[in-house]
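So you can see what is in the structure, the chains are spelled out below.
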Amino acid sequence: MRMADDATKTVEVPHEKAAAPFLSRIKIRNYKSIGNAVVSLAPVTVLVGRNGAGKSNFLDALRFVVDSLVNSVDHAIKSRGGIDAVRRLSTGHPRNFAIEMEMNLPDWRSALFGFEIAARTAGGFVIRRERLIVRNAAAQMVANYAVEDGKLVAQSVENMPPVSIDRLYLVNAAGLPQFRPVYDALLSMGFYNLNPEVMKELQSPDAGELLHRDGSNIASVIGRLGETKPRIKERIKAYLETIVPGISEVERVSLGPRETLQFRQRIVGSKHPWKFYAASMSDGTLRALGILVAVTQLAERQNPVSFVGIEEPETALHPAAAGALIDALREAAAGQTQVVITSHSPDLLDQIEPNRERLLVVASEEGDTKIAPVDAASREAITNHLYLPGELLRMDQLQPDTRDLANQGQGLLFDVSDDGSAEDES
């Protein structure tokens, strides 16, 4: 396989079989604009749809899980504007929302993790239910727990820790080896809406373990990769040079107590590359670098991150860079990092190969977000090479598959009724 090339350079991408995706299936009910969604994900998945359709809400539901584990459920809810901003706005205003994730773990294990949160009638929330099931390579359950209304109602391990009514139980259960891999994998997920203006500012040094959501510690992450994994840093540089011709180096530099990035770029007529600080680089260059770092960075234990979600990676990039960008995402997926992006760029969609990437269409019907694979007619047109996905998007012909949508009401771990409620504790 060959990475997209410019007139002077082609970067070879190793032939590697894509690994099973970390998140294989997601089920969401009553979260923000999403009434009900049951979708399967691939190593690289693209969510496409109009502005306001709900693409970001899908990624935010996954980020809600991570925020709840890293901080607390209360923090995750308050940072989004409170429980009324999180639960779906609709007729009847359902009081409960649920999120469920089916995931693949190392050593061919798998797990199912889900929870339901209910709004209290007098304000606030309660974690109504939570379950975790871990299976071995033969799909046999090897560990599990279930919590309902603050009580542990099922467990496979003796001496389980106590339940906290306002925290996800996985935080406590992660102290046990049977459940720790799920916790670690979820915490290595990253979600990005990169901000070039923040990336241009002088940054305070940190450990550089994971790139911040807005890219505000990218200098530290680049520095760490250069010190511990120089080969990965070289791959980032090679892709960046293909996207932004002339870039020959990017490195962390200290400026007093702060740090920033320094780029070296070949300039016509100059014997040596010129040096530029991040503040002098274009938004497109910084966003491209941030995306490349996000999908190739390492988690705390020197393993690839499990999952990366990126909103509109094509923003501020030249259309010709789309091929290199998709190739970078494919290589990351082959290296164990699952990638999900949102987009409404025809140029990026034209690079999608239906037999390699999963294309999900996001549409809004009277404020209710629908997510499903491309409808049968469009899928046939793409398969028969009559149209590229981007061409169908330009013609507004990409629609979610209605048959898939009709089947999405089945199989949610928690049956969340629209009139369910949580009583206040006395």
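Conventions and cut-offs
- Residues numbered from 1 in each chain as written.
- Predicted model: local features only at pLDDT ≥ 70, side-chain atom pairs only at ≥ 80, totals over all residues.
- Heavy atoms only, no water.
- Buried < 20%, exposed > 50% of the residue type's maximum accessible area, 1.4 Å probe, protein only.
- Helix = DSSP H or I, 4+ residues; strand = E, 2+ residues; numbered from the N terminus.
- Contact = heavy atoms within 4.5 Å.
- Salt bridge = Lys/Arg side-chain N within 4 Å of Asp/Glu carboxyl O.
- Axes fitted to C-alpha atoms, helices over the stretch in contact; angles between N-to-C directions.
- Parallel < 35°, antiparallel > 145°, perpendicular 65-115°, else oblique.
- Nonpolar A, V, L, I, M, F, W, Y, C, P; charged D, E, K, R; others polar.
- Phe/Tyr/Trp six-rings, centres within 6.5 Å; stacked < 30°, edge-to-face > 60°.
- Lys, Arg positive; Asp, Glu negative; His and termini not counted.
- Polar contact = N/O pair within 3.5 Å; in protein donor to acceptor, adjacent residues only side chain to side chain.
- Left-handed = near helix turned anticlockwise from the far one by under 90°.
- Pairing = 2+ DSSP bridges.
- Expected span 1.5 Å × (residues − 1).

**Considering helix α7 (residues 218-228)**
- With eight of 11 residues buried, α7 lies mostly within the body of the structure.
- Turning to α7, its buried residues number three or more, namely Ile218, Ala219, Ser220, Val221, Ile222, Gly223, Arg224 and Leu225.
- If you follow the buried residues of α7, they end up packed against α6 (196-200), α8 (230-243), β10 (247-255), β11 (258-265) and α9 (283-296).

**Points about the pattern of salt bridges**
- Summed over all chains, the structure comprises 36 salt bridges.
- With a shortest N-O distance of 3.1 Å, Asp149 and Arg128 are connected by a salt bridge. One end of the pair, Asp149, is in the loop between β7 (141-148) and β8 (151-155); the other, Arg128, is in strand β6 (residues 125-135), with 21 residues separating them in the sequence.
- Residue classification places Asp149 among the partly exposed positions, given a relative accessible area of 47%.
- A salt bridge links Arg264 to Glu251, with the shortest nitrogen-to-oxygen separation between them at 3.2 Å. You can see Arg264 sitting in strand β11 and its partner Glu251 sitting in strand β10, a full 13 residues away along the chain.
- Here the salt bridges share partners, and the residues they tie into one network are Lys32, Asp60, Arg63, Asp67 and Arg80.

**Describing the packing of α7 against α8**
- Two numbers describe how α7 lies on α8: the axes approach to 5 Å, and their chain directions differ by 125 degrees. Taken together, α7 and α8 sit at an angle that is classed as oblique. Each of Ile222, Leu225, Gly226 and Thr228 in α7 lies in contact with α8, whose residues at this interface are Pro230, Ile232, Lys233 and Ile236.
- Looking at the contact of α7 with α8 residue by residue, the classes come out as five nonpolar, two polar and one charged.

**Here we look at the packing of aromatic side chains**
- In the structure shown here, the tally under the stated rule is nine aromatic pairs.
- On the basis of an interplanar angle of 65 degrees and a centroid distance of 5.7 Å, the ring pair of Tyr31 and Phe97 is categorised as edge-to-face. Taken together, the residues Tyr31 in strand β1 (residues 23-31) and Phe97 in strand β4 (residues 96-104) connect sequence positions 66 residues apart.
- By relative accessible area, which is 0% here, Tyr31 ends up buried.
- Judged by its relative accessible area of 0%, Phe97 falls in the buried class.
- Taken together, a centroid distance of 5.6 Å and an interplanar angle of 45 degrees make the contact between Phe191 and Phe307 tilted. With Phe191 in strand β9 (residues 189-192) and Phe307 in strand β13 (residues 307-311), this pair connects stretches of sequence that are 116 residues apart.

**Considerations on the side chain of Glu314**
- Tracing the chain through its elements places Glu314 in the loop between β13 and α10 (322-334).
- For the buried Glu314, which has no salt bridge, the nearest side chain bearing the opposite charge is Arg287, at an N-O separation of 6.7 Å.
- Here Ser343 takes part through its side chain, which lies 3.2 Å from a polar atom of the side chain of Glu314.
- If sequence neighbours within four positions are ignored, Glu314 has contacts with Thr342, Ser343, His344, Ser345 and Leu348.

**A word on the packing of helix α1 (residues 55-70) against helix α5 (residues 180-187)**
- With their axes 9 Å apart at the nearest point, α1 and α5 run at an angle of 115 degrees to one another. The crossing of α1 and α5 is left-handed. Residues Val66, Leu69 and Val70 of α1 pack against Tyr183, Leu186 and Leu187 of α5.
- For the contact of α1 with α5, a count of residues per class yields six nonpolar, no polar and no charged.

**Quick look at the sheet that holds β11**
- The strand order across the open sheet formed by three strands is β10-β11-β12, and the pairing between neighbours is antiparallel. The sheet is open, and its two borders are formed by β10 and β12 (274-277), each paired with just one other strand. When strand polarity is set aside, the average angle formed by the axes of neighbouring strands in this sheet is 30 degrees.
- Direction of pairing for β10 relative to β11: antiparallel, over a ladder of eight bridges. Pairing of Glu249 across the sheet is with Arg264, part of β11.
- Where α7 meets the sheet, it contacts β10 and β11, and its direction lies at approximately 110 degrees from that of β10.
- Lying on the sheet, α8 is in contact with β10 and β11; it crosses β10 at an angle near 125 degrees.

**Observations regarding α8**
- Here α8 contains 14 residues, and its C-alpha end-to-end distance of 20 Å stays within 8% of the 20 Å for a straight helix at 1.5 Å per residue.
- Extensive coverage of α8 is indicated by the burial of 11 of its 14 residues.
- By the burial criterion, the buried members of α8 are Ile232, Lys233, Arg235, Ile236, Lys237, Ala238, Tyr239, Leu240, Glu241, Thr242 and Ile243.
- Against the buried residues of α8 lie α7, β10, β11, α9 and α10.

**Observations regarding the pairing of β8**
- Relative to β8, β7 runs antiparallel, the two being bridged by four bridges. Within β8, the residue paired with Ala146 across the bridge is Ala154.
- In sequence, β7 turns back onto β8 through a hairpin of two residues, with Asp149 there showing a positive phi of about 50 degrees.

**Looking at unusual backbone geometry**
- Positive phi outside glycine occurs at Asp107, with the angle close to 60 degrees.
- Position of Asp107 among the secondary structure elements: in the loop between β4 and β5 (110-119).
- We classify Asp107 as exposed; its relative accessible area is 62%.
- Although it is not a glycine, Asp396 adopts a positive phi angle of roughly 60 degrees.
- Within the element layout of this structure, Asp396 appears in the loop between α13 (389-394) and α14 (402-406).
- Owing to a relative accessible area of 37%, Asp396 belongs among the partly exposed residues under this scheme.

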